Amino acid sequence: MSRKSLVVMQSEFMRRVTSKTFILTTLLGPALLIAFFAVIVMISISAVEDTSQENESHRIAIVDETGVLNTRILNQDAGDHVLVTADLSSAREGVLDGRFDAYVRIPPEVISGTTQPVLYSQEGSGFGVRGTLGSIIERALEDHLLAERNVSADVRSILDRAVWLDTVRLTDEGEEAGAPEGYAIIGGVLGMVMYMTMLIYGSLILYGTLEERTTRVVEIIVSSVRPFDLLMGKVLGIGLIGFVQMAVWMLMFLGAMILAGPVIGLFIDPAMYDLSTTATTQEILTAANISLPHISAGLFIWFILYFIGGYLLYGGLFATVGTLVDSPQESQGLMIPLLMPMIISIIFLSPVIMNPHSGLALGLSLFPLTSPVPMIVRLSVTDVPFWQILLSYGLLVLSFMGSIWVSARIYRASILMYGKKPSLRVIVSYLRSG
């Protein structure tokens, strides 16, 4: 890299890193992300509470035409709902005059499984009511069929037993307490952060290049700096800003992970788990069956490396778009093909988390235009073979070098053109003669 490229890089870096926008986004970015997820959780909890409030104290009539399920239904816990027995005509009249909120008709064919119960109401009942009543009727039907076949209560208790799996993650260092949900959340968050930052900093290059062309500032700049040096300096300067921001965010994230255990421990009463007030944070978390995921330093390193590689790849492509158009509106059409691979990597984020060793996950993590996000997600949730990491990153680096080569030739050929709409033939000629 030439000295002039370093000068351009330093200029781009210092001009942007000292801006109030950069400082605010660097310091407040993680806080805003946490607040965003907190709002989603609060809204979800509020929606659940609203749903539960809507389902409070419903008075529901049971019209049992089977003649055998009514008693078993009434003996079950219906929560806040009140279940009463009624015949079909009184149940229908009761709903119409407001004495009942709804009624359930259970035809005789329910026993043989050829038909299903039906819930009737004036305004339609929510999914909570349907789910509760469905579970109650299903349990009553199971108990009747088991009793009809002389199955003892002990067998019924065996069928009611629930089993879940605790997980342990095996690594080269040994065994780790399992927290698959935690690793999945971390992988998803890191993947989204990777996607957003690559998009943001790539757009900065596009609009920076476009601004220089439309304001004709570039005509002065290229009198002393080669177009290639100008492009490289701009890409690396903005990339260095992203590197600094990512490093700060990773340190903040690491600090949050270190403090997560003690903070969670403050909200747990040791007496709930028969522990003394002098119990350690680890003892409290273990008793509460809370296992925090272990984040290795290697994950942070690879996150930074993939951000740099992905940014440089897309930075070169975005810079190319900036040299081919004369307005932000024109750039939208050319940006869509560039954004599609990034969007695809986000669309398939869930399948990659669920099955990180599948062919889909491997293919997305090797293809350079999609590899940064899926590979970071895979590294978060599982142990990825080292050869796959090297192959993926090697392809990413080669693609970055190719994109810079293509961008530089087009940039050099088109940087002084203004008002001319490039065609595919013109772009090919740029690559041949650039």
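Residues numbered from 1 in each chain as written. Predicted model: local features only at pLDDT ≥ 70, side-chain atom pairs only at ≥ 80, totals over all residues. Heavy atoms only, no water.

1. Re the packing of aromatic side chains
Stage number 1. Following the criterion strictly, the structure yields six aromatic pairs and no others.
Stage number 2. Measuring from centroid to centroid gives 5.9 Å for Trp302 and Tyr393, while their planes differ by 70°, and the two rings are edge-to-face. On the criterion of sequence distance, the pair formed by Trp302 in helix H11 (residues 297–324) and Tyr393 in helix H16 (residues 386–414) is long-range, its members being 91 residues apart. Judged on exposure class, the residue Trp302 and its partner Tyr393 are both buried.
Stage number 3. Linked through ring pairs, Trp302, Tyr306 and Tyr393 together constitute an aromatic cluster.
Stage number 4. The side chain of Arg99 reaches across the aromatic face of Phe100, ending 5.4 Å from its centre. (Phe/Tyr/Trp six-rings, centres within 6.5 Å; stacked < 30°, edge-to-face > 60°. Helix = DSSP H or I, 4+ residues; strand = E, 2+ residues; numbered from the N terminus. Buried < 20%, exposed > 50% of the residue type's maximum accessible area, 1.4 Å probe, protein only. Lys NZ or Arg CZ within 6 Å of the ring centre and 35° of its normal.)

2. With respect to the packing of helix H14 (residues 359–366) against helix H15 (residues 372–381)
Stage number 1. One way to put it is that H14 packs onto H15 with a least axis distance of 7 Å and a crossing angle of 125°. Between H14 and H15, the interaxial angle falls into the category oblique. The element H14 and its partner H15 pack so that their crossing is left-handed. Contact residues: Ala361, Leu362, Leu364 and Ser365 in H14; Pro374, Met375 and Arg378 in H15.
Stage number 2. Each residue belonging to the contact of H14 with H15 can be placed in one class, and the counts come to five nonpolar, one polar and one charged. (Axes fitted to C-alpha atoms, helices over the stretch in contact; angles between N-to-C directions. Parallel < 35°, antiparallel > 145°, perpendicular 65-115°, else oblique. Left-handed = near helix turned anticlockwise from the far one by under 90°. Contact = heavy atoms within 4.5 Å. Nonpolar A, V, L, I, M, F, W, Y, C, P; charged D, E, K, R; others polar.)

3. A word on helix H1 (residues 3–17)
Stage number 1. Between its terminal C-alpha atoms H1 stretches 21 Å, which fits the 21 Å expected from 15 residues at 1.5 Å a residue.
Stage number 2. For H1, the complete set of buried residues consists of Ser5, Val8, Met9, Glu12, Phe13, Arg16 and Val17. The arc that holds every buried residue of H1, seen down its axis, measures 140°, which confines them to one face. Looking at H1, the residues exposed on the side facing more than 90 degrees away from the buried face are Arg3 and Gln10. (Expected span 1.5 Å × (residues − 1). Arc of directions from axis to C-beta.)

4. Section: the pattern of salt bridges
Stage number 1. Under the defined criterion, the tally for this structure stands at four salt bridges.
Stage number 2. Measuring nitrogen to oxygen at the nearest pair gives 3.2 Å for the salt bridge that ties Asp97 to Arg99.
Stage number 3. Note on Asp97: relative accessible area 47%, which makes it partly exposed.
Stage number 4. As a salt-bridge pair, Arg139 and Asp143 come within 3.2 Å of each other at their nearest N and O atoms. Within this pair, Arg139 and its partner Asp143 are both found in helix H5 (residues 127–148), separated by four residues, close to a single helical turn.
Stage number 5. Using a relative accessible area of 29% as the deciding quantity, one classes Arg139 as partly exposed. (Salt bridge = Lys/Arg side-chain N within 4 Å of Asp/Glu carboxyl O.)

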